[in-house]
Amino acid sequence: MPSLNDSSVAIIGLGYVGLPLAVAFGSKRKTVGFDVNQARIRDLAAGIDATLEVSGDELASATQLSFSHDLNDLRACNVFIVTVPTPIDDHKRPDLTPLIKASETLGKVIKHGDVVVYESTVYPGATEEVCIPVIEKLSGLRFNQDFFAGYSPERINPGDKEHRVHSIVKVTSGSTPEIADFVDALYRTIVLAGTHRASSIKVAEAAKVIENTQRDLNIALINELAIIFGKLGIDTLEVLEAAGSKWNFLPFRPGLVGGHCISVDPYYLTYKAQEIGYHPEVILAGRRINDNMGQYVTDQVVKLMTRKRIHVVDANILILGLTFKENCPDLRNTRVVDIVRELEEYHAKIDIFDPWANREEAHHEYGYTLLESLPEDKRYDAVILTVGHKQFREMGAEGIKKLCAESHVIYDVKYILPKDAVDARL
Ligand SMILES: NC(=O)c1ccc[n+]([C@@H]2O[C@H](COP(=O)([O-])OP(=O)(O)OC[C@H]3O[C@@H](n4cnc5c(N)ncnc54)[C@H](O)[C@@H]3O)[C@@H](O)[C@H]2O)c1
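The structure reproduced in this document is the subject of the present report. Sequence order sets the numbering: in each chain, residues are counted from 1 along the sequence as written. Only residues with pLDDT of at least 70 get local features here, since the model is predicted, and only at 80 or more are side-chain atom pairs given and counted; chain-wide, interface and lining totals rely on the full set of residues. In computing side-chain values, all of the structure's heavy atoms are included and hydrogens and water are not.

### A closer look at the sheet that holds strand S13 (residues 424-425)
- The five strands are arranged S10-S9-S11-S12-S13 in an open sheet whose pairing can be described as parallel. Edge positions in the open sheet fall to strand S10 (349-353) and S13, since each of these has one partner strand only.
- For two strands to count as paired, DSSP must find a minimum of two bridges between them. Numbered from the N terminus, helices here are DSSP runs of H or I no shorter than four residues, and strands are runs of E no shorter than two. Relative to strand S12 (residues 404-412), strand S11 (residues 380-385) runs parallel, the two being bridged by five bridges. Residue Val 383 lies in a different strand from S12, and its bridge partner there is Ile 410.
- Contact criterion: two residues are considered in contact whenever any of their non-hydrogen atoms come within 4.5 Å of each other. A fitted line through C-alpha atoms serves as each axis, taken over the contacting stretch for helices, and the angle formed by two N-to-C directions is quoted from 0 to 180°. The sheet strands contacting helix H12 (residues 336-345) are strand S9 (316-320), S10 and S11, and the helix crosses S9 at an angle near 175 degrees.

This is how it looks when you write it as structure tokens:
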């Protein structure tokens with residue numbers, strides 16, 4: 001393995017996770033940021049990060065960082081960190097294609113003594129059972145003799161400027177005790193909050209996937225409570241605030257669970273569980289509840305409209321927010337689309353406004369043409385506040401009511417407005 005001083009790092013996949021990591025390493029040591037997306041490489045070389053995770057100043061401060069989509073530029077590196085996506089397919093099974101392709105790339109450039117560290121979220125065992133054999137096959141090198149591996153899961157939270165690479169404790173692991181020491185020491189050079197050294201790659205893989213599974217299930221419980229309280233005519237937020245006065249009540253809120261982590265990672269774990277003959281009950285129940293929240297919100301809105309004698313067919317409905325979370329341009333796996341699709345089945349006319357989303361990406365991914373700005377003259381029969389962007393909070397009840405027809409419904413998924421300013425909230 002390389003010595004810490006001689007380590008030059010390549011980051012494979014420069015998305016929400018890879019870029020901040022590349023910037024962190026690139027301000028300490030020679031680092032190559034590699035991505036197959038040439039447009040992304042062009043933007044980054046010009047100092048632009050479309051994910052808004054890293055500012056132009058931060059990019060400029062990483063003086064030893066270069067960007068490339070040419071795998072020949074990886075040959076001079078001796079530590080390779082893989083941060084490519086790990087999505088699920090249409091049947092909600094892990095899609096390891098990007099991980100396999102990245103491993104193929106590494107198989108072509110890896111040399112004696114090099115170290116590969118995976119960061120992408122996977123199920124326990126994926127690194128050693130799936131990725132390493134690909135590298136061995138393409139390189140002809142032998143694992144743990146000629147080259148080594150580690151796993152250090154990412155904990156980045158898109159749009160969060162407080163919890164960043166250097167300030168989040170990082171779990172590390174290695175394929176031998178010496179490599180575990182090396183990987184740990186390497187990350188300690190950039191993570192000020194320190195590291196937690198797991199005893200094996202599998203333990204580190206499992207730790208990551210359960211972080212998101214736990215969060216998914218906690219939200220699922222609160223979503224189920226919101227459905228029950230909705231039927232009982234009790235305001236969920238008021239109940240949660242009351243219960244939250246107890247020291248050990250966890251402060252989760254109901255909502256749509258989208259994105260490419262929390263709503264995806266549990267399926268990696270359940271896939272592996274099923275592969276070894278165990279059928280997970282609780283995890284999949286939570287997934288079902290969370291995946292149905294879009295339909296639940298639509299049902300509530302349609303009921304409220306019907307009670308006010310507002311025809312849903314041909315109604316003008318405004319959706320405020322499309323991204324999967326607030327104050328962030330990330331559109332991946334947003335569950336707002338479930339609400340839009342459900343309402344389209346009623347032949348309502350849907351407008352979507354999102355000041356954070358990239359309009360071309362929204363069109364490309366979902367076929368939606370987002371409003372460029374809020375119309376001055378159009379009056380909506382219903383407004384659904386789906387994402388808690390700061391712009392919507394700033395509009396306040398007055399600003400949002402101005403968009404509405406005289407008889408209207410306002411439904412607030414994210415507790416943006418006071419209770420008495422809306423017809424209902426989740
Ligand atoms: N974003 C998060 O909040 C977060 C948090 C924790 C963990 N993770 C995990 O980290 C991993 C990466 O997530 P992300 O959000 O950064 O993804 P992303 O989609 O933002 O970025 C992935 C990048 O990898 C590139 N890429 C894909 N295949 C490649 C290949 N074969 N070679 C080189 N580059 C390739 C893509 O072009 C893209 O730029 C995933 O496993 C994810 O689950 C993400």
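### Details of the sheet that holds strand S2 (residues 31-34)
- In space, the six strands of this open sheet follow the order S3-S2-S1-S4-S5-S6, with parallel pairing throughout. Only two strands of the sheet have a single partner each, and these edge strands are strand S3 (65-68) and strand S6 (148-151). Sheet twist, expressed as the average angle between the axes of neighbouring strands with direction ignored, equals 20 degrees.
- When strand S5 (residues 115-118) meets S6, the two strands line up parallel, connected through four bridges. When the bridges of S6 are listed, Val 116 appears paired with Ala 149.
- Each of S5 and S6 touches helix H5 (residues 126-139); the most contacted strand, S5, lies at about 140 degrees to it.
- Its contacts with the sheet place helix H6 (residues 177-188) against strand S4 (79-82), S5 and S6, and it is angled at close to 65 degrees to S5.

### Brief notes about the packing of aromatic side chains
- Between 30 and 60 degrees the pair is tilted, below 30 it is stacked and above 60 it is edge-to-face, where a pair is any two Phe, Tyr or Trp rings, Trp via its six-membered ring, whose centres lie within 6.5 Å. The full count for this structure, using the stated rule, is six aromatic pairs.
- Residues Tyr 123 and Tyr 268 carry aromatic rings whose centres are separated by 6.4 Å and whose planes lie at 35 degrees to one another, so their mutual orientation is tilted. Residue Tyr 123 is located in the loop between S5 and H5, and its partner Tyr 268 is located in helix H9 (residues 265-275); the two are separated by 145 residues in the primary sequence.
- In this structure Tyr 123 comes out as buried when scored by relative accessible area, which is 4%.
- Clustering of aromatic rings is evident, with ring pairs tying together Tyr 123, Tyr 268 and Tyr 271.
- Of note, Lys 170 hangs over the ring of Tyr 187, and the distance from its end group to the ring centre comes to 4.7 Å.
- For Lys 246, the ring lying beneath its charged end belongs to Trp 247, and the centroid distance is 5.0 Å. Residue exposure (1.4 Å probe, protein chains only): buried if accessible area is under 20% of the type maximum, exposed if over 50%, otherwise partly exposed. Look at NZ for Lys and CZ for Arg. If either is within 6 Å of the ring centre and within 35 degrees of the ring normal, a charge sits over the ring.

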